[in-house]
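Fold and contact review
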Amino acid sequence: MKKLFLLFVVPILAFFFYTCKKSDNTPPRLINIQGFRLTDYNGNIIGQAGPADSDWTFMSRLSQTEMKLFDFGDTVSLDNTAVTTPNIGVPYPNPVATQQMYYLSSPYPVVAKLVFVDDKLGIYMSKAVRISGTMTLKFDFSNRAPFPNRTSLRVYYSFSAKNNPNFLFGYGDIRICDGTSVSDCF
């Protein structure tokens, strides 16, 4: 009887305890960061890493959770802004080692918001700026504590006008890397 117990019950209990191990409390991945438009230090597109997707274009829909990312506490006024045809260029360089540039333009005043997140939608940084004409924003990634080497982030962006929050929006993926060539980074 003891042998039957050992042969059947012990393996079942071992399987049960193995599959019910303690959780590490790591939140699940909510987005898949995988396609990167590669750019050089002058802003020229030099290739694609991963699948080509709709990065750096305007989209017709984001999830409610993604749209809430734009609700951070900024103090940029929407007074005298208008729905218009703004533009965001592909950031450069991508992959980025220390600093990355974002080119924004709009023929009329709008408020642009950028939010940098990981695959769990954890916010790393956010910025809101009022633009009219052209503007280049610079973001610093040189501190490896919040921005480890060989990690990926998604940048959500939106444009807002008075009574028309987030009238245009989208996202693009970036890679942080200290490598000397693109192949070092993926």
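Read on for an overview of the structure. (Residues numbered from 1 in each chain as written. Predicted model: local features only at pLDDT ≥ 70, side-chain atom pairs only at ≥ 80, totals over all residues. Heavy atoms only, no water.)

You can see Thr81 is positioned in the loop between helix H2 (64–68) and strand S3 (87–88). In this structure the side chain of Thr81 is engaged in a polar contact, spanning 2.5 Å, whose partner is the backbone oxygen of Leu78. Engagement of the side chain of Thr81 in a polar contact is seen with the backbone nitrogen of Lys162, the distance being 2.7 Å. (Helix = DSSP H or I, 4+ residues; strand = E, 2+ residues; numbered from the N terminus. Polar contact = N/O pair within 3.5 Å; in protein donor to acceptor, adjacent residues only side chain to side chain.)

The final tally for this structure, using the stated rule, is 12 aromatic pairs. Pairing Phe116 with Phe139 gives two aromatic rings, centres 4.8 Å apart and planes at 55°, and the pair type is tilted. Here the residue Phe116 occupies a position in strand S4 (residues 99–117), and Phe139 occupies one in strand S5 (residues 123–140), the gap between them amounting to 23 residues. A relative accessible area of 5% means that Phe139 is categorised as buried. One aromatic cluster in this structure is built from Trp56, Phe58, Tyr102, Phe116, Tyr124, Phe139, Phe141, Phe147, Tyr157 and Phe159. Positioned over the ring face of Phe72 is Lys113, at 5.0 Å from the centre of the ring. Across from the ring centre of Tyr171, 3.9 Å away, lies the NZ or CZ of Arg154, which sits over that ring. (Phe/Tyr/Trp six-rings, centres within 6.5 Å; stacked < 30°, edge-to-face > 60°. Buried < 20%, exposed > 50% of the residue type's maximum accessible area, 1.4 Å probe, protein only. Lys NZ or Arg CZ within 6 Å of the ring centre and 35° of its normal.)

A few words on unusual backbone geometry. Here the bond from Tyr92 into Pro93 is cis, since omega is -10°, no more than 30 degrees from zero. Relative to the helices and strands, Pro93 resides in the loop between S3 and S4. Even without glycine at this site, Asn163 takes up a positive phi of about 65°. Inspection of the secondary structure puts Asn163 in the loop between strand S6 (151–161) and strand S7 (164–176). For Asn163, a relative accessible area of 70% corresponds to the exposed category.

Moving on, we get to the nonpolar core. Tyr102, Leu104, Leu114, Phe116, Phe141 and Phe159 are the most contacted members of the largest nonpolar core, which totals 25 residues. Every element with two or more residues in this core is listed here: S4, S5, S6 and S7. With six residues, the top contributor of residues to this core is S4. The next biggest cluster of nonpolar side chains, apart from the first, holds 18 residues, and it includes Phe36, Leu69, Phe70 and Tyr156. (Core = buried A, V, L, I, M, F, W, Y, C linked by side-chain atoms within 4.5 Å.)

Structurally, Thr98 can be placed in the loop between S3 and S4. On a C-alpha basis, the gap between Thr98 and Ser142 in space is 4.2 Å, while along the polypeptide they are 44 residues apart. Residues within four places of Thr98 in sequence aside, it is in contact with Phe139, Asp140, Phe141 and Ser142. (Contact = heavy atoms within 4.5 Å.)

As a further point, take the pattern of salt bridges. Under the definition given, this model contains five salt bridges. Across the salt bridge formed by Lys162 and Asp79, the nearest N and O atoms sit 3.1 Å from each other. Here the residue Lys162 occupies a position in the loop between S6 and S7, and Asp79 occupies one in the loop between H2 and S3, the gap between them amounting to 83 residues. Classification of Lys162 as partly exposed rests on a relative accessible area of 41%. Residue Asp79 is classed as partly exposed on the basis of its relative accessible area of 40%. Close ionic contact of Arg144 with Asp178 constitutes a salt bridge, the shortest N to O distance being 2.5 Å. (Salt bridge = Lys/Arg side-chain N within 4 Å of Asp/Glu carboxyl O.)

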